[in-house]
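Understanding the architecture of this molecule
The chain contents come next:
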Amino acid sequence: MAKDAKPATENGDAAPAKSSKKLLIIILLVVLVVGLGGLSAFLLLRSSATHEDDGDEAVVEKAKPAKKKKVDLGAPPVYVPLDAFTVNLVPENGDQFLQLIVSVEVDDPQIGDHIKLYTPKLRNDITLLLSSKKASQLIVKEGKETLAREIREQMNDVLDPAGKGKKRDWPIKEVLFTSFIIQ
């Protein structure tokens, strides 16, 4: 019988049973570890996502009371471009000319149509004003600002002759130079 026990172990009948049990235990342990790792990862990711959502809600809740107040800026200004002016300047150092492109700021878009009706008179008055200037007067910033103010006054006198002196009711709010070339 002792011989019978030895050949059973030598044949490998008892050895495969032990190795299959070990293999089964190892597989179960690996599955258990992987399962626990997956469960842990799931719970951690879910809880961090919940915290992020809570954070977003907290930010949204904080942002709701702190809404920016909308400031009423009124109607946006309307800019009306005029055709280019090219005039000879009063001679100082030989012949010089001024090429000027102007846009005017108005509050009401209908004033733009009004300007088109009076274009010949406006262009004439502005051309006379420009041709009475010297290049040395217009080169400096103050000269340009004075010229813009004079053009605005002349245009307002033509467009609203009854409104002389009423600066707030003038149709032309500002004269803007978009091109200013002296040669």
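Quick look at the structure, then. Here the structure is a predicted model, which is why all the values come from computation and not from measurement. (Residues numbered from 1 in each chain as written. Predicted model: local features only at pLDDT ≥ 70, side-chain atom pairs only at ≥ 80, totals over all residues. Heavy atoms only, no water.)

1. Some points on the layout of surface pockets
The gaps left among the atoms become clear once a water-sized probe is rolled over them. Its volume calculated, the largest pocket comes out at about 150 Å³. Around the largest pocket sit V80, P81, L82, D83, F85, I115, K116, T119, L122, R123, I126 and M155, which together line it. For the lining of the largest pocket, the secondary structure elements donating two or more residues are β1 (78-81), α3 (109-117) and α4 (119-131). In terms of residue count, α4 provides more of the lining of the largest pocket than any other element does, four residues in total. (1 Å grid on protein atoms, 1.4 Å probe; cavity = no way out; pocket = protein on both sides within 12 Å on 5 of 7 lines; lining within 4 Å. Points joined across faces, edges and corners; volume = space filled by probe spheres on them. Helix = DSSP H or I, 4+ residues; strand = E, 2+ residues; numbered from the N terminus.)

2. What about the packing of α4 against helix α6 (residues 141-159)?
Where α4 contacts α6, the two axes come as close as 10 Å, and the packing angle between them is 150 degrees. Classified by the angle their axes make, α4 and α6 are roughly antiparallel. Viewed along their axes, α4 and α6 form a crossing whose handedness is right-handed. Of the residues in α6, those in contact with K121, L122, D125, I126, L129 and L130 of α4 are L147, E150, I151, Q154, M155, V158 and L159. Looking at the contact of α4 with α6 residue by residue, the class counts come to nine nonpolar, one polar and three charged. (Axes fitted to C-alpha atoms, helices over the stretch in contact; angles between N-to-C directions. Parallel < 35°, antiparallel > 145°, perpendicular 65-115°, else oblique. Left-handed = near helix turned anticlockwise from the far one by under 90°. Contact = heavy atoms within 4.5 Å. Nonpolar A, V, L, I, M, F, W, Y, C, P; charged D, E, K, R; others polar.)

3. Considerations on the nonpolar core
Grouped burial of nonpolar side chains is what soluble globular proteins tend to show. Ranked by internal contacts, the top residues of the largest apolar core, which has 26 residues, are L82, V104, I115, L130, I151, M155 and I172. Ranked by the residues each element gives to this core, the list is headed by α6, at six residues. Setting aside residues up to four positions removed in sequence, M155 forms contacts with L82, V104, L122, I126 and I172. (Core = buried A, V, L, I, M, F, W, Y, C linked by side-chain atoms within 4.5 Å. Buried < 20%, exposed > 50% of the residue type's maximum accessible area, 1.4 Å probe, protein only.)

4. Thoughts on the pairing of strand β3 (residues 97-106)
The element β3 is extensively covered by neighbouring structure, given that seven of its ten residues are classed as buried. Bridge analysis of β1 against β3 gives four bridges, and the strand direction is antiparallel. Residue Y79 lies in a different strand from β3, and its bridge partner there is E105. Note: strand β2 (residues 85-88) against β3, four bridges, orientation antiparallel. Bridge pairing in β3 places T86 opposite Q99. Relative to strand β4 (residues 172-182), β3 runs antiparallel, the two being bridged by nine bridges. Following the sheet pairing, E105 is matched in β4 by E174. (Pairing = 2+ DSSP bridges.)

5. Concerning the packing of aromatic side chains
Applying the stated criterion across every chain, the model contains one aromatic pair. In this structure, R123 is placed above the aromatic ring of F85, and the distance from its NZ or CZ to the ring centre is 4.3 Å. (Phe/Tyr/Trp six-rings, centres within 6.5 Å; stacked < 30°, edge-to-face > 60°. Lys NZ or Arg CZ within 6 Å of the ring centre and 35° of its normal.)

6. Describing the pattern of salt bridges
For the structure shown, the criterion picks out four salt bridges. Between D107 and K173 there is a salt bridge whose closest N-O contact spans 3.5 Å. Of the two residues, D107 sits in the loop between β3 and α3 while K173 sits in strand β4, which places them 66 residues apart along the sequence. Relative accessible area serves as the criterion here: at 28%, K173 is assigned to the partly exposed category. We note a salt bridge from E145 to K141, for which the minimum N-O separation is 3.8 Å. Of this pair, E145 and K141 are both found in helix α6, four residues apart, which corresponds to roughly one turn of the helix. (Salt bridge = Lys/Arg side-chain N within 4 Å of Asp/Glu carboxyl O.)

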